[in-house]
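# Residue-level structural notes
Residue-level listing of the chains:
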Amino acid sequence: DYTIVGLLLLSVSCTKPQEDIPPVIENDDVVTMTIAELQALYTVNNDISYTEIPEGTIISGVVTSSDKEKNCYQYLTIQDETGGIMISLRNTELYAKYPVGLRIKVKCDGLYIGHKYRNKQIAQVKDGAMTAINKSEEENYLFPDGEVGPEPTPLVISSKNQIDDSYFNKLVRVEGCRLQNGGVDVFCPDTVSTYTTRYMLLDDSTTMSLRTMGRATFANELLPTGRCNLKGILVNSNAGPQLYLRSLDDIE
């Protein structure tokens, strides 16, 4: 029967060869510490800028940042059910290897937890100072653990007053805000090595900072007008909480 033969051929031709299916990466290392427990090892102050992470420490978290549009630059943020942390990396194309939604494990032997401008991060220490992990060394510390899943549900922010330390280095959504000079100013008019701060007015009249790097692909785009929701990575700083958009898709 030509019909049956044709259907069989169609079925064979549409079957994806097994060798073309990428393998699922699983890491058998046992997680020894939550991100909140890791953060508790270090208190931000002006005298001691870092502390060594205990040998054998392994944490796990889902990637929330993306450097594809060059605004979340040379770092990853990951979060678990207890908190978020920044990992400082000397790599400018992290998004292809560590996409948003990928769970990774971090082996922390030889790494330190400290801060930059009051934002906690994991990094190396060289010559007495925190320094980003070299691209050639990152595979000694970062291990993909399974398939890419959905990004975590963002924490909703409706007032700057609700923010505490548990919000930093996490994915958040600032709801119902307005951008100062929306439709007039661009995100960042300056050179690639600088940042520009714009201000969000929230419903309760509190204000928050929106930070954009000059090298971001959307730096010269106009700020949105009217009420909007802005999603991104919330980072601590000497000037208080700052939101970093990952791309223009983070604007609702």
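Just so it is clear, the model here is predicted, and its values are computed rather than measured.

### Here's the deal with the pairing of strand β14 (residues 207-213)
Among the seven residues in β14, six count as buried, and that is most of the element. As defined by bridge partners, strand β13 (residues 195-201) adjoins β14 across seven bridges and the pair is classed as antiparallel. The residue bridging Tyr199 from the neighbouring strand is Ser209, located in β14. Between the antiparallel neighbours β13 and β14 lie five residues, among them Ser205 with a positive phi of about 75°. Where β14 meets strand β16 (residues 242-244), two bridges bridge the pair, whose relative direction is parallel. Of the residues in β16, the one forming a bridge with Leu210 is Leu243.

### Description of the confidence of the model for the protein chain
Confidence along the protein chain averages 90 in pLDDT terms, with 90% of residues attaining 70 or more. Note on residues 2-23: pLDDT is under 50 here. Beyond four places in sequence and across chains, it has one contact.

### Side note on the side chain of Arg198
For Arg198, the location among the structural elements is in strand β13. In this structure the side chain of Arg198 is engaged in a polar contact, spanning 2.8 Å, whose partner is the backbone oxygen of Val186. Residues within four places of Arg198 in sequence aside, it is in contact with Asp185, Val186, Phe187, Pro189, Met208, Ser209, Leu210 and Leu223.

### Some thoughts on the environment of Lys105
Residue position: Lys105 is located in strand β5 (residues 102-107). Sequence separation between Lys105 and Gly61 is 44 residues; the distance between their C-alpha atoms is 6.7 Å.

### Thoughts on the pattern of salt bridges
If you walk through the whole model with that rule in mind, you get ten salt bridges. The salt bridge involving Glu138 is made with Lys97; its shortest N-O contact spans 3.5 Å. Of this pair, Glu138 sits in the loop between β9 (133-134) and β10 (142-148) while Lys97 sits in the loop between β4 (84-90) and β5, and the two are 41 residues apart along the sequence. Ionic pairing is found between Glu151 and Lys231, a salt bridge with its closest N-O pair at 2.9 Å. Separated by 80 residues along the polypeptide, Glu151 in the loop between β10 and β11 (155-157) and Lys231 in strand β15 (residues 228-235) bring together distant segments of the chain. Several salt bridges share partner residues, and in doing so they unite Glu151, Lys231, Arg246 and Asp250 into one network.

### Points about the pairing of β5
Direction of pairing for strand β2 (residues 58-63) relative to β5: antiparallel, over a ladder of five bridges. Residue pairing across strands places Val62 opposite Arg103, the latter belonging to β5. Relative to β10, β5 runs antiparallel, the two being bridged by four bridges. Looking across to β10, one finds that Ile104 is bridged to Pro144.

### Observations regarding the side chain of Asn91
Assignment of secondary structure puts Asn91 in the loop between β4 and β5. Side-chain polar atoms of Asn91 contact the side chain of Glu138, separated by 3.2 Å. The residues touching Asn91, leaving out its near neighbours within four places in the chain, are Asp67, Gln74, Lys135 and Glu138.

Conventions we followed
- Residues numbered from 1 in each chain as written.
- Predicted model: local features only at pLDDT ≥ 70, side-chain atom pairs only at ≥ 80, totals over all residues.
- Heavy atoms only, no water.
- Buried < 20%, exposed > 50% of the residue type's maximum accessible area, 1.4 Å probe, protein only.
- Helix = DSSP H or I, 4+ residues; strand = E, 2+ residues; numbered from the N terminus.
- Pairing = 2+ DSSP bridges.
- pLDDT = per-residue confidence, 0-100.
- Contact = heavy atoms within 4.5 Å.
- Polar contact = N/O pair within 3.5 Å; in protein donor to acceptor, adjacent residues only side chain to side chain.
- Salt bridge = Lys/Arg side-chain N within 4 Å of Asp/Glu carboxyl O.

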